[in-house]
Amino acid sequence: MKPITLLSLLILLPLSTSLCDHPLRRRSDRDSTLEILHVDSPCSPFRSSTPSWENDILLLESKDRARLAYLTSLVAGRSIVPIASGRQIIQSTNYIVRVKVGTPPQTMFMALDSSNDAAWMPCDGCVGCGGAGGFASGKSSSFKSVGCKASQCAQVPNPTCGGTSCAFNMTYGSSTMSAMLSQDTITLAADAISGYTFGCIQKATGTSLPPQGLLGLGRGPLSLLSQTQSLYQSTFSYCLPSYKSLNFSGSLRLGPVAQPKTIKFTPLLRNPARSSFYYVDLVGIRVGRRVVDIPASALKFDPSTGAGTIFDSGTMFTRLVQPAYNAVRSEVLRRMGNATVSSLGGFDTCYSVPIAVPTITFMFRGMNMSLPQENFIIHSSSTSISCIAMAASPGDGINNVLNVIANMQQQNHRVLFDVPNSRLGVAREFCT
């Protein structure tokens, strides 16, 4: 098989039906494996225009800051986080999968979010949901509302009962939503799952909600893992496509079948206050061959404060707490000698000459995750600028305790979530 030609970061092809539908260029959903698309893939209905490389990077980085503020608000038990600049929180979910909902099935492109639990989607007649097209519940013969006395009604935030149906209100980033708790058949690849519980959004405010809904991959009672435990045994993996791939597609494998056999694991840690997060034990970071000097307290897992390290599919660029980031950046500066360092938006380690760092390795208990340059350096397509694609966590007392291993660093890796055995595995895989 010939290798796929790589394009510069964020250079996107024109949307083409033949490109997306051609059998040699599109990985069809099959068995229990779904195709993963980036939201800016040529085959995504939500693909945005890209006026310039720098504007794209600044936009993605600002969305990351907003998402990290949202994630750390969940750790702290706060539903809304004030941001010093007054910037609205714009929730950023980067990857989508095709999900068929209802009878007959309607195709929805739902965002993947490993740090959230429940599924929800805009339904027909939703006020404030935008024009992306919602689920026409009235056209599905298998759709039904969940009653107030059902056990699921106690598992959603802020449940209310108007009549006999269960409703709830919640926030997601800067958005608020009002939804009816509902059930219908959803089809994931070849697997039809009847009676799947989700929120059918009736009203929304703000700009944070994914256009056609969200599929939560967390560990809560209404998550995909919990609702399909007998089918998928609380096991899944994903391989996120690189931005440099011509076709921008990866895969989501559900269940223990067809998961990699040769893979190293690190234990999953559980924070009772935020059980949906996939915490791991990061014990060190190596830049090239040198293990940088990071205080143990900067990496320590502490459920009482939410401190520690998580894998997250929705954050674009890895965030490290200040002492850890400072140590990584100092080693990069040392290696670069007298080369002039500059900044771009939230990235403060940029050069106009090649960056002399061959690898960065995240050292977890039981395994290492070694990143080649494509996973931690972003290159301009029109200039000679290159930047280290990591940044420090926000600096206030709540936001500065969480390290987030983000999706650029996960790209072209198979990340396996084995919840029954409480472990997370990573193996290099070219998934594009």
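Residues numbered from 1 in each chain as written. Predicted model: local features only at pLDDT ≥ 70, side-chain atom pairs only at ≥ 80, totals over all residues. Heavy atoms only, no water.

Undergrad: What is the right way to look at the overall build of the protein in this model?
TA: Scanning the protein for helices and strands turns up seven helices and 28 strands. Within the protein, the proportion of its 432 residues that are buried is 55%. Considering only contacts in the protein between residues 6 or more positions apart, those separated by 24 or more positions represent 69%. Carbon and sulfur atoms make up 53% of the accessible area of the protein, which amounts to about 17400 Å² in all. (Helix = DSSP H or I, 4+ residues; strand = E, 2+ residues; numbered from the N terminus. Buried < 20%, exposed > 50% of the residue type's maximum accessible area, 1.4 Å probe, protein only. Contact = heavy atoms within 4.5 Å. Areas by Shrake-Rupley, 256 points an atom, 1.4 Å probe, with all protein chains shown as cover.)

Undergrad: When you look at the state of the cysteines in this model, what are you seeing that I'm missing?
TA: Linking two cysteines covalently through their sulfur atoms gives a disulfide. Applying the stated rule across the entire model yields five disulfides. Shown here is the disulfide that connects Cys 126 with Cys 129, its sulfur atoms set 1.8 Å apart. Disulfide Cys 126-Cys 129: the torsion about the S-S bond is 50 degrees, which places it as right-handed. (Disulfide = S-S within 2.5 Å.)

Undergrad: Sorry, what's going on with helix α6 (residues 322–336) here?
TA: Residues lying three or four places apart along an α-helix face the same way, a consequence of the helix completing one turn every 3.6 residues. Given a rise of 1.5 Å per residue, 15 residues ought to cover 21 Å, and the 21 Å separating the end C-alpha atoms of α6 matches this to within 8%. At the C-terminal side of α6, Gly 337 shows a positive phi close to 60 degrees. (Expected span 1.5 Å × (residues − 1).)

Undergrad: Whenever I open this one, the nonpolar core confuses me. Can you help?
TA: In summary, soluble globular proteins display a tendency toward joint burial of nonpolar side chains. Judged by nonpolar contacts, the single largest core of 69 residues is most densely connected at Leu 188, Leu 215, Leu 252 and Phe 362. Here this core gets six residues from one element, more than from any other, and that element is α6. Leave out the neighbours within four places in its chain, and Leu 252 touches Ser 32, Thr 33, Leu 34, Ile 36, Val 97, Leu 112, Leu 217, Phe 236, Ser 237 and Tyr 238. (Core = buried A, V, L, I, M, F, W, Y, C linked by side-chain atoms within 4.5 Å.)

Undergrad: Would you mind showing me how to read the sheet that holds strand β19 (residues 342–344) here?
TA: Through backbone hydrogen bonds, the strands of a sheet pair up, either in parallel or in antiparallel fashion. The four strands are arranged β19-β20-β24-β23 in an open sheet whose pairing can be described as antiparallel. In this open sheet, the two strands that pair with only one neighbour each are β19 and β23 (377–379). On average, each strand axis in the sheet is inclined to that of its neighbour by 40 degrees, with strand direction left out of account. Direction of pairing for β19 relative to strand β20 (residues 347–351): antiparallel, over a ladder of two bridges. By the bridge assignment, Leu 344 is partnered in β20 with Phe 347. Against the sheet, α6 makes contact with β20 and β24 (386–388), and its axis sits at roughly 15 degrees relative to β20, the strand it touches most. (Pairing = 2+ DSSP bridges. Axes fitted to C-alpha atoms, helices over the stretch in contact; angles between N-to-C directions.)

Undergrad: How do you make sense of the pairing of strand β3 (residues 106–113) when you look at a structure like this?
TA: Along a regular strand, successive side chains alternate from one face of the sheet to the other. Counted residue by residue, β3 has seven buried out of eight residues, so it is predominantly covered. One ladder, built from six bridges, connects strand β2 (residues 95–101) with β3; its direction is antiparallel. Along β3, the bridge assignment pairs Val 101 with Gln 106. Hairpin connection between β2 and β3: a loop of four residues separates the two successive antiparallel strands, and Gly 102 in this loop has a positive phi of roughly 90 degrees. Examined bridge by bridge, β3 and strand β10 (residues 214–216) share three bridges and lie parallel to one another. Bridging from a neighbouring strand, Ala 111 pairs with Leu 214 of β10.

Undergrad: I keep staring at the pattern of salt bridges and nothing clicks. Help me out?
TA: Side chains bearing opposite charge may pair, as long as their charged atoms lie close to each other. Per the stated rule, a full pass over the model turns up 10 salt bridges. Note that Glu 331 is salt-bridged to Arg 290, the shortest N-O span being 3.5 Å. Linking Glu 331 in helix α6 with Arg 290 in strand β16 (residues 290–291), this pair joins segments that are 41 residues apart in sequence. On the accessibility criterion, Glu 331 (5% relative accessible area) is buried. (Salt bridge = Lys/Arg side-chain N within 4 Å of Asp/Glu carboxyl O.)

Undergrad: I'm lost on the side chain of Thr 228 in this one. Help?
TA: Inspection of the secondary structure assignment puts Thr 228 in the loop between α3 (224–227) and α4 (229–232). On the accessibility criterion, Thr 228 (3% relative accessible area) is buried.

Undergrad: Looking at this structure, I do not really get the sheet that holds strand β21 (residues 359–364). What am I missing?
TA: One open sheet accounts for four strands, arranged β16-β15-β21-β22; its pairing is antiparallel. Either end of the sheet is taken by a strand with one partner, and the two such strands are β16 and β22 (367–372). Alignment of β21 against β22, held across six bridges, turns out to be antiparallel. Paired with Phe 364 across the strands is Met 367, a residue of β22. On top of the sheet, α6 reaches β15 (282–287), β16 and β21; it is set at about 10 degrees to β15, its chief contact.

Undergrad: Would you explain the confidence of the model for the protein in this entry?
TA: In low-pLDDT regions, the fine details of the predicted coordinates are not to be read closely. Summary statistics for the protein give a mean pLDDT of 82 and a share of 79% for residues scoring 70 or more. The model gives residues 76–92 a pLDDT under 50, and that stretch makes 33 contacts with residues more than four places away or in other chains. (pLDDT = per-residue confidence, 0-100.)

Undergrad: I would appreciate a short explanation of unusual backbone geometry in the present structure.
TA: Trans is the common state for peptide bonds, and a negative phi is the common state for residues other than glycine. The omega torsion of the bond from Thr 103 to Pro 104 falls at -5 degrees, within 30 degrees of zero and hence cis. Tracing the backbone through its elements, the reader meets Pro 104 in the loop between β2 and β3. We note that Gln 233 has phi near 55 degrees; this positive angle belongs to a residue other than glycine. Topologically, Gln 233 is positioned in the loop between α4 and β11 (235–239). A relative accessible area of 45% places Gln 233 in the partly exposed class. Of note in this structure, Ser 422 is not a glycine but carries a positive phi near 50 degrees.

Undergrad: In this structure, what is going on with the pairing of strand β7 (residues 165–172)? I would like to understand it.
TA: Of all eight residues that make up β7, six are buried, and the element is covered over most of its length. Here four bridges tie strand β6 (residues 159–162) to β7, and the two strands are oriented antiparallel to one another. For Pro 159, the partnering residue across the bridge sits in β7 and is Phe 168. If you look at the hairpin formed by β6 and β7, you'll find two residues sitting between the two strands, and Gly 163 has a positive phi there, around 80 degrees. Pairing analysis gives six bridges linking β7 to strand β8 (residues 175–188), with the strands arranged antiparallel. Paired with Asn 169 across the bridge in β8 is Ser 178.

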